Amino acid sequence: MNTRLVILPLIVFAAAGAAFAQVPSTDVFVFPVDGTELGKAQRVTDREGYDNQPRFLPGGRELVYSSQRDGQTDIYRHDLRSGSTVRVAETTESEYSPTPIPGTTSVSTVRDYGDLKQQLWSVDLKSGKETLLLPDVNPVGYHAWVDDGAVLLFVLGEPHTLQVATIGPGPGKVLAESPGRGLARIPGSNRMSYVDKGEDTWWLTAIDPSTGDMERLIATPEGREDYAWAKDGSVWIGDDSRLLRWSPGQDDGWQAIADLDAEGVYGITRVTFSSDGKRLAVVGARPPADLAQAYRDEAGRIVGAALTDVEGWDKLTYLATVIGHRLSGSAALEEAIDWAVETMGSEGLEVRKQAVQVPHWVRGKESLTVVAPRERELNILGLGDSVGTPAGGITAPIVVVGSFEELEALGRAKVEGKIVVYAVEWEGYGATVQFRTHGASRAAALGAVAALTRSATGHSLDTPHTGALRYDEAQPKIPAAALTPEDSAWMRQMSEMGREVVLRLEMDAKMHDDAESFNVIAEIAGSERPEEVVVMGGHYDSWDAGQGVHDDGAACIAAWQALRLIDQLGLRPRRTLRVVLWTNEENGLRGGREYHAALTDEQIAGHVAAIEMDSGVERPIGFGFGVSGVDTDAEERDPAYERALAKLRQIGALLDGLDAGHIRRGGGGADIGPLMRSGVPGLGVRTVGEHYFDWHHSDADTLDKVDPQNLRRAIALLGVMGYVLADMPERLIPVE
Ligand SMILES: [Zn+2]
């Protein structure tokens, strides 16, 4: 799976230009070791860039390592006592993998001439004399000494091969295929070891270089090919910030013995012991430079463009005013989609449509009439996906409940043949929406003929709020509609006073066959890693009430306009920055599901982050950040999550001027849910959330409820977060 990783350090890193930006920044640390106890870390290197491949010189007080500076990788020698560092060989080529040659004062190195010419040399640390060791073996990737006259080699090729060669002219002898880069001598034996990467499971394998006899020792933890043999015969291996140890004949498997996170050491790759076993050198990932500092200039340009933008508001005005609400299956939604695709195309964005089959529910005419005690009409909105009533409607007395418990307590005798009214209290959206979602089927189970639910809102000027219900297939499907909080309160009052209320509900609602709709996908292709994607957006469909502005047209426009401004500014992120206007979030989630389903596993793994905005465009305050499988509130912190959170907070600092850079633990969204469940880190935009539920899913969700400055802020927020996530050197959560 990781053949590329093997070649990278030797080829890509030696190439000129943009490739340098991709060199992982690593540092070398040394720990005193006593048995399995580690002392305090001593830093050998502390700089941006590639410092790697450490080996101790005999005596253990000095080490050599490879270091890339000014585009060239050379061998450096570091004295642990004095802290001094000197460059070893003054060559024009790059050198890698310095390795002391047993019984000599020389180290061997792989010299990279480019064009896949990589040869094994030695340099005498005393005299500086350089010698070509294996003139006929090329290209050498990695090596370890068998004795002072023979060397075990990883030779690049298709496939890579494990070879043994004697110093001097002549070819090497192939021992195996598909080795890993970690080669070593097994202490106290004449056998060597390597990692056999020929199968999905990688095996640490012992090999006798003279006979070629092999023995599988243990499977390495997933993706690990670097390891070190300790003097006591155990094997040590890095696993992010942890060190694992396996003692042959004693342990069944890898045992965690240390976590170096507190020392600031994580992303451990290479490990190596000094010959006396008293020191351990470890290569760890280097935290990226402060992102706020690195991106202040670009963020300033994006924020400036967003805060002076007028085009976004014009687009939202058109969407809200000329097109209006956009329920799945409606002509308005498809008109909005075509308009977006056409406009994005005319703006020079790469844009495409992704077909999605969506439910096609049509409300039709509906009314709720009080028949007794005195006839009058009430404002209602049928619940999304509800069945209709028979022609002429359903006329029945009501029974009022404040909870499911009250409903159950009444039992069939008091519910059958009645219209159940959930005159519930507003306890926040999550709690109150349960009655909208499940109320119809719970009432139908007791023989109710229809269900009415107090709208899921905290404030009302006699405004009903719709939203999807979910039928329990085991129960009869009865029609259901949302009441205004005012009417709900009146019915409760009447009920408490023992007064009968008779209602007539008439609904023409009907579910038709699925219709075709589309996700709109626009992007700026990544300049260096186009296969890696940051996706952001909202849902383009809405309920068939109001103009679908806060929910969620304005967020769609904000994401689109953020992409547009980044494009206009000429900013080209390393990764692809993609905007998706998902279809059918409200009554199906089919758009988000189809976006995910159409991706290969590899493409999903290429998604470095997904950002969703679907809580209105009030004043934004930041993001909630979630990763599937990580309990963000757990006392035991997940180190990878914490590091990602720290990076996001650095990016958030770029939005401090808008008071919009707060990153909260936990977050996500409905449309990015499928991506998140596949492991993609997710961000949900957060706002002050003062009035969103006063408007959403109702006729009040209209353009006049949006402060244009808040749309600008949302554009800035999405633009900065999307751009930096797409451009920063390291992925938000690096993959090994
Ligand atoms: Zn929404």
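Residues numbered from 1 in each chain as written. Predicted model: local features only at pLDDT ≥ 70, side-chain atom pairs only at ≥ 80, totals over all residues.

Considering the overall build of the protein chain
Looking only at helices and strands, the protein chain has 15 helices and 41 strands in total. Across its three principal axes, the protein chain shows a C-alpha extent of roughly 110 × 55 × 45 Å. Looking at the protein chain residue by residue over its 736 residues, the buried ones come to 50%. Intrachain contacts of the protein chain at a sequence separation of at least 6 include 66% that bridge at least 24 residues. (Helix = DSSP H or I, 4+ residues; strand = E, 2+ residues; numbered from the N terminus. Buried ≥ 20, exposed ≤ 12 C-beta atoms within 10 Å, placed from the backbone. Contact = placed C-beta atoms within 7 Å.)

Regarding the nonpolar core
Grouped together as the largest cluster of nonpolar side chains are 128 residues, with contacts concentrated most on V420, A558, A559, L718 and V720. Looking at which domains feed residues into this core, each of domain 2 (291-360 + 513-727) and domain 3 (364-508) gives three or more. Filtering out sequence-adjacent residues up to four positions away, L718 remains in contact with M536, A558, A559, A562, I611 and M613. (Core = buried A, V, L, I, M, F, W, Y, C linked by C-beta atoms within 7 Å. Domains from an automatic or database assignment.)

Structural notes on the domain arrangement of the protein chain
Under the domain assignment, the protein chain is made up of domain 1 (3-285), domain 2 (291-360 + 513-727) and domain 3 (364-508). One C-alpha centre belongs to domain 1, the other to domain 2, and the line joining them spans 44 Å.

Brief notes about the sheet that holds strand β33 (residues 480-483)
Here we have eight strands laid out as an open sheet, ordered β28-β27-β34-β30-β31-β32-β33-β29, and mixed in their pairing. Looking along the sheet, the strands with just one partner apiece sit at the ends: β28 (376-378) and β29 (380-382). Within this sheet the neighbouring strands show an average axis-to-axis angle of 35 degrees, counted without direction. Bridge analysis of strand β27 (residues 366-372) against strand β34 (residues 502-507) gives six bridges, and the strand direction is antiparallel. From the neighbouring strand, A372 faces β34, where its bridge partner is V502. Contacts from helix α6 (residues 404-415) reach β30 (394-401) and β31 (419-422) within the one sheet, and its direction differs from that of β30 by about 145 degrees. Packed on one face of the sheet, helix α7 (residues 429-444) meets β31, β32 (450-454) and β33 and runs near 155 degrees to β32. (Pairing = 2+ DSSP bridges. Axes fitted to C-alpha atoms, helices over the stretch in contact; angles between N-to-C directions.)

Overview of the sheet that holds strand β10 (residues 117-124)
Pairing is antiparallel across the open sheet formed by four strands, whose spatial order is β8-β9-β10-β11. The open sheet has two free edges, formed respectively by β8 (94-100) and β11 (130-132), since each of these has just one partner strand. If you compare each strand with its neighbour and ignore which way they point, the axes differ by 30 degrees on average. Strand direction decides the pairing type here: β8 and strand β9 (residues 106-114), joined by five bridges, are antiparallel. From the neighbouring strand, E95 faces β9, where its bridge partner is R111.

Overview of the packing of helix α9 (residues 549-568) against helix α15 (residues 708-727)
Where α9 meets α15, the axes come as close as 8 Å, and the angle between the chain directions of the two elements is 55 degrees. With respect to their mutual orientation, α9 and α15 come out oblique. Two packed elements cross with a definite hand, and for α9 against α15 that hand is right-handed. Note on element contacts: α15 touches α9 through L711, A714, I715, L718, G719, G722 and Y723, opposite A554, A555, A558, A559, Q561, A562, L565 and I566. (Parallel < 35°, antiparallel > 145°, perpendicular 65-115°, else oblique. Left-handed = near helix turned anticlockwise from the far one by under 90°.)

What to know about the pairing of strand β13 (residues 150-155)
Burial analysis of β13 places five of its six residues in the buried class, the great majority of the element. Summarising the sheet, strand β12 (residues 140-147) and β13 pair through six bridges and their orientation is antiparallel. In the strand pairing of β13, V140 is matched with V155. Connecting β12 to the next strand, β13, in antiparallel fashion are two residues. One ladder, built from six bridges, connects β13 with strand β14 (residues 161-166); its direction is antiparallel. Residue pairing across strands places L153 opposite Q163, the latter belonging to β14. Between β13 and the antiparallel strand that follows it, β14, lie five residues.

Digging into helix α12 (residues 639-653)
The terminal C-alpha atoms of α12, which comprises 15 residues, lie 21 Å apart, in line with the 21 Å expected from a rise of 1.5 Å per residue. For α12, the complete set of buried residues consists of Y641, R643, A644, L645, K647, L648, Q650, I651 and G652. Looking at the buried positions of α12, the neighbouring elements they touch are α2 (291-294), β39 (620-626), β40 (662-665) and α15. (Expected span 1.5 Å × (residues − 1).)

A few points about the pairing of strand β18 (residues 203-207)
As defined by bridge partners, strand β17 (residues 192-196) adjoins β18 across five bridges and the pair is classed as antiparallel. Counterpart to D196 in the pairing with β18 is W203. Connecting β17 to the next strand, β18, in antiparallel fashion are six residues. Pairing of β18 with strand β19 (residues 214-219) involves five bridges; the strand directions are antiparallel. Its bridge partner being in β19, A206 is matched across the sheet by E215. Between the antiparallel neighbours β18 and β19 lie six residues, among them G212 with a positive phi of about 80 degrees.

Considerations on the environment of A448
Looking at the secondary structure, you find A448 in the loop between α7 and β32. Overall, the presence of 29 C-beta atoms within 10 Å leaves A448 in the buried class. For the pair A448 and A320, spaced 128 residues apart in sequence, the C-alpha to C-alpha distance is 38 Å.

Quick look at helix α8 (residues 485-496)
Between its first and last C-alpha atoms α8 spans 16 Å; for 12 residues at 1.5 Å apiece the expected length is 16 Å, and the two agree. Looking only at α8, the buried set comprises P485, D487, S488 and M491. Viewed end-on, α8 has its buried residues packed into an arc of 165 degrees, placing them on one side of the element. Opposite the buried face of α8, by more than 90 degrees, sit the exposed residues Q493 and E496. (Arc of directions from axis to C-beta.)

Some points on unusual backbone geometry
The peptide bond linking N138 to P139 adopts the cis configuration, its omega dihedral lying at -10 degrees. In this structure, P373 follows A372 across a cis peptide bond, with omega equal to 15 degrees. Of note, P373 is situated in the loop between β27 and β28. One non-glycine residue, Q53, lies in positive phi territory at about 55 degrees. Structurally, Q53 is set in strand β4 (residues 51-56). Positive phi, close to 60 degrees, is recorded for L589, a residue that is not glycine. Looking at the secondary structure, you find L589 in the loop between β37 (575-582) and α10 (590-597).

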